[in-house]
Amino acid sequence: MGMTLATYVLSLLSGNYGVSVPAIYTIYYALLPLWPRVPPTWFFPYTPETVHESVSGTYSPRALVMMVLVVTWMCRLSYHTWRRGLYNVKAEDYRWEVLRQKLPPWLFQVVNLTFIAITQNIILFLLGLPAQIAVTQPHIPLSTSDYVLGVLGFLTILVEFVADNQQYSYQRFKHSGKLDTTEWPGARIAWTKRDVERGFVTRGLWAWSRHPNFVCEQLFWIIINFIPLVSPHAPAVLFSPTPFTALAPLLPSLVLCTLFSSSTKFTESISLPKYPVYKAYQRRVGMFLPFLTPVWGLLLSLQGKKAEVDELVYGQGVGKGKKVE
């Protein structure tokens, strides 16, 4: 409740409706033995007396792995946010400004309170639940599933880092007209005038997915969600015959994926009228899943339109793109 009130008040004072709280819950649960039983001051983390010694007495190797993954994810996000110049009071997601223009002021404040202040904090809390499950499991050495999912988690962060860098590299070239040879590996793409004319990136990972960074974001939290669920001591509720209780442990990733699906559709509704070629990009490249892109290409081939669409989306010839019906 306090987190929600603080988020809402900060948004009113700053005019920034993108205020959010990092996923600190995973770190809290992973470090339970570190916290005192009685907080020395307000807002200081502590371990309640009701928490059993078997949970708070020793560190959970599984929860520590999850914490390292989440901290690495936060470092990637922080770096990307910093270099985009978004660490200031007025900086916010551009979509909030678009939404603010579309809604009456009173209705936007309803959205601000119910979604930005309340729902976002609930989602952040849900993302910490897998770590809570992990610390309540026996604190034994890591299992095979922990190692496999841990590696997949780090690989997902790496791919998202590359996707962010490619987008950043493209935007810098789009606004400066100069190639930067100091870009991170994976983002040293020789952008062209034709790329700039499209207005959005369609090369690198973005040639396979319209939102590769969003794919990785969802996949990362799905991995975090599954780490305690597929361990040798998975919660018994996962195998309950009741449909709701069977899906309950998956709630963090289900809620997050639902949010991404709806917010991405809103993002693309902004891009469509802004970029004439974006409709062709939608027809050629999958929104999230890369394996759908060859499928869309095959369907376009059967319609005899693949060459035309490929030229609009990927082509480097002279001339601006046009709309595809």
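Preceding block: the structure.
First, a word on what this report is: a plain description of the structure on this page. (Residues numbered from 1 in each chain as written. Predicted model: local features only at pLDDT ≥ 70, side-chain atom pairs only at ≥ 80, totals over all residues. Heavy atoms only, no water.)

To continue, consider the overall build of the protein chain. Counting its secondary structure elements, the protein chain contains 14 helices and zero strands. Start at the N end of the protein chain and walk to the C end: the helices and strands fall as α-α-α-α-α-α-α-α-α-α-α-α-α-α. Across the 325 residues that make up the protein chain, the buried fraction comes to 42%. For the protein chain, long-range pairs separated by at least 24 residues make up 72% of all intrachain contacts whose partners lie at least 6 apart in sequence. (Helix = DSSP H or I, 4+ residues; strand = E, 2+ residues; numbered from the N terminus. Buried < 20%, exposed > 50% of the residue type's maximum accessible area, 1.4 Å probe, protein only. Contact = heavy atoms within 4.5 Å.)

The next thing to look at is helix α6 (residues 105–136). An α-helix turns once per 3.6 residues; consequently, residues spaced three or four apart project the same way. For α6, spanning 32 residues, the distance from its first C-alpha to its last is 45 Å, which sits close to the expected 46 Å at 1.5 Å a residue. Most pronounced at Asn112, the bend in α6 amounts to some 30°. (Expected span 1.5 Å × (residues − 1). Bend = angle between axes of the 7 residues up to and from the residue.)

What follows deals with the packing of helix α7 (residues 144–176) against helix α9 (residues 212–229). In contact at an axis separation of 9 Å, α7 and α9 are set at 160° when each is read in the N-to-C sense. Of the possible angle classes, the one that applies to α7 and α9 is roughly antiparallel. Seen along the crossing, α7 lies across α9 with a hand that is left-handed. Within the contact between the two elements, α7 uses Asp146, Leu149, Leu152, Gly153, Thr156, Ile157, Val159, Glu160, Ala163 and Asp164 and α9 uses Pro212, Asn213, Cys216, Glu217, Leu219, Phe220, Ile223, Phe226 and Ile227. Taken together, the residues of the contact of α7 with α9 sort by class into twelve nonpolar, three polar and four charged. (Axes fitted to C-alpha atoms, helices over the stretch in contact; angles between N-to-C directions. Parallel < 35°, antiparallel > 145°, perpendicular 65-115°, else oblique. Left-handed = near helix turned anticlockwise from the far one by under 90°. Nonpolar A, V, L, I, M, F, W, Y, C, P; charged D, E, K, R; others polar.)

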